[in-house]
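For reference, the chains in residue letters:
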Amino acid sequence: MTRTPAEFDRWYADRVESPVADELVRRVLGLPPDLQSTSLLTGAGLDQVVAALGLRAGQVLLDLACGRGGYGLEIARRTGCRVVGLDFSRVAIDHAQLRAQTLGLADRAGFRVGELTRTGLGPASVDAVLVVDSIQFAEPTLDALLECRRVLRPGGRVVVTCWEAADAGDERVSPRLRQLDLRRQLPRAGFVDVEVTDEPAWHLAEQTLWQEALAVDAGEDPAVRSMQEEARRVLATFDRMRRVLARASHP
Ligand SMILES: C[S@@+](CC[C@H](N)C(=O)[O-])C[C@H]1O[C@@H](n2cnc3c(N)ncnc32)[C@H](O)[C@@H]1O
């Protein structure tokens, strides 16, 4: 997985040119037809996330590290909330903005470039925060969680989807995932009512996606080639990771 904004810009530019990659992800993860995901959250997982966020019409959701904005826009459409999407990839943000217009949601959605640990939003300015499959990129994790708490109003909800190591001492698992332990980190960031669950059905869907990606003839498609590289890397340590859904409240 890439890390700098420039690397993610390239990754998104390739992805936008590849209907094959998007179609594969959408089909295997069971996503709505016009949701553009660059993560591994399934359609059923999104239903759980929406329930956990508890948003009402007119409330504000921060979709942090939103990528092309797919999940935040879908949640805005379902709940009537407003969405602020933030990501450090300018290419992703430009696509998210276009997507909001295409879906007729531009009046309730705004996207901007920003950092997981420094959103530039005001204190207590949002009702809920969602971080889909991205918290592992924050340096350090705790600063991103503290930023989530800072921008949330009292009683607001944070929902994080990610992976954690089955054994934090297992050096075969990526260091980014080994340092995640949301059951401990969310209370340390000041959150209450912390609930972290394993989601084996999401993990199984992810495994199917990587296996199907490897079976595709990638040809010259850089997005599919990139998926295949990631598939090989992830499948090599697949059973050493747990797929996790975390939710908590601002006190
Ligand atoms: C796996 S993608 C997930 C994107 C989106 N949440 C989704 O589910 O489709 C990870 C995202 O994190 C963003 N990202 C990585 N490090 C970041 C950082 N330090 N600050 C802001 N965004 C970051 C990347 O640009 C990328 O869009």
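Predicted model, so just to flag it, every value in this text is computed and none were measured.

A. Inspection of the sheet that holds strand E2 (residues 82-87) at higher detail. With mixed pairing, seven strands are arranged side by side in an open sheet as E3-E2-E1-E4-E5-E7-E6. The open sheet has two free edges, formed respectively by strand E3 (109-113) and strand E6 (192-198), since each of these has just one partner strand. Shown here is a sheet whose adjacent strand axes are inclined to one another by a mean of 15°, direction ignored. Relative to E2, strand E1 (residues 60-64) runs parallel, the two being bridged by five bridges. The residue bridging Asp 63 from the neighbouring strand is Gly 85, located in E2. Where helix H5 (residues 90-102) meets the sheet, it contacts E2 and E3, and its direction lies at approximately 170° from that of E3. Contacting E1, strand E4 (126-132) and strand E5 (152-165), helix H6 (residues 141-151) crosses the sheet at an angle of about 155° to E5.

B. Molecular detail of the packing of helix H2 (residues 19-29) against helix H9 (residues 200-215). Running from N to C, H2 and H9 cross one another at 145°; their axes reach a closest spacing of 9 Å. Considering how the two elements wind past one another, H2 and H9 form a crossing that is right-handed. For the pair H2 and H9, the contacting residues are Leu 24, Val 25, Val 28 and Leu 29 in the first and Ala 205, Thr 208, Leu 209, Glu 212 and Ala 213 in the second. Each residue belonging to the contact of H2 with H9 can be placed in one class, and the counts come to seven nonpolar, one polar and one charged.

C. Seen up close, the site of the ligand. Around the ligand, 21 residues are found, and the nearest of them are Ser 39, Ala 65, Gly 67, Phe 88 and Phe 137. Of the residues assigned to the shell around the ligand, the class counts are eleven nonpolar, seven polar and three charged.

D. Region of the structure containing the nonpolar core. In terms of nonpolar packing, the biggest core is built from 75 residues, with Leu 53, Leu 61, Leu 62, Leu 64, Val 126, Val 129 and Leu 130 touching the most fellow members. With seven residues, E5 is the largest single contributor of residues to this core.

E. Quick look at the environment of Leu 177. Checked against the element boundaries, Leu 177 lands in helix H7 (residues 175-178). In this structure, Leu 177 is in contact with Gln 136, Trp 163, Glu 164, Ala 165 and Met 241, ignoring residues within four places of it in sequence.

F. The arrangement of the environment of Val 113 in detail. If you trace the backbone, Val 113 turns up in strand E3. Remark: the alpha-carbon pair of Val 113 and Arg 82, spanning 31 residues in sequence, is separated by 17 Å. Those residues in contact with Val 113 that lie beyond four places of it in its chain are Asp 87, Phe 88, Arg 90 and Ile 93.

G. Molecular detail of helix H3 (residues 43-53). Among the residues of H3, those classed as buried are Gly 45, Leu 46, Val 49, Ala 52 and Leu 53. The buried residues of H3 occupy an angular sector of 120° when the element is viewed end-on, so they sit on one face. Projecting away from the buried face of H3 at angles above 90 degrees are the exposed residues Asp 47 and Ala 51. Looking at the buried positions of H3, the neighbouring elements they touch are E1, helix H4 (70-79), E4, E5, H9 and strand E7 (241-249). Phi turns positive, to about 60°, at Gly 54, one or two residues after H3.

Procedures and definitions
- Residues numbered from 1 in each chain as written.
- Predicted model: local features only at pLDDT ≥ 70, side-chain atom pairs only at ≥ 80, totals over all residues.
- Pairing = 2+ DSSP bridges.
- Helix = DSSP H or I, 4+ residues; strand = E, 2+ residues; numbered from the N terminus.
- Axes fitted to C-alpha atoms, helices over the stretch in contact; angles between N-to-C directions.
- Contact = placed C-beta atoms within 7 Å.
- Left-handed = near helix turned anticlockwise from the far one by under 90°.
- Nonpolar A, V, L, I, M, F, W, Y, C, P; charged D, E, K, R; others polar.
- Near = placed C-beta within 6 Å.
- Core = buried A, V, L, I, M, F, W, Y, C linked by C-beta atoms within 7 Å.
- Buried ≥ 20, exposed ≤ 12 C-beta atoms within 10 Å, placed from the backbone.
- Arc of directions from axis to C-beta.

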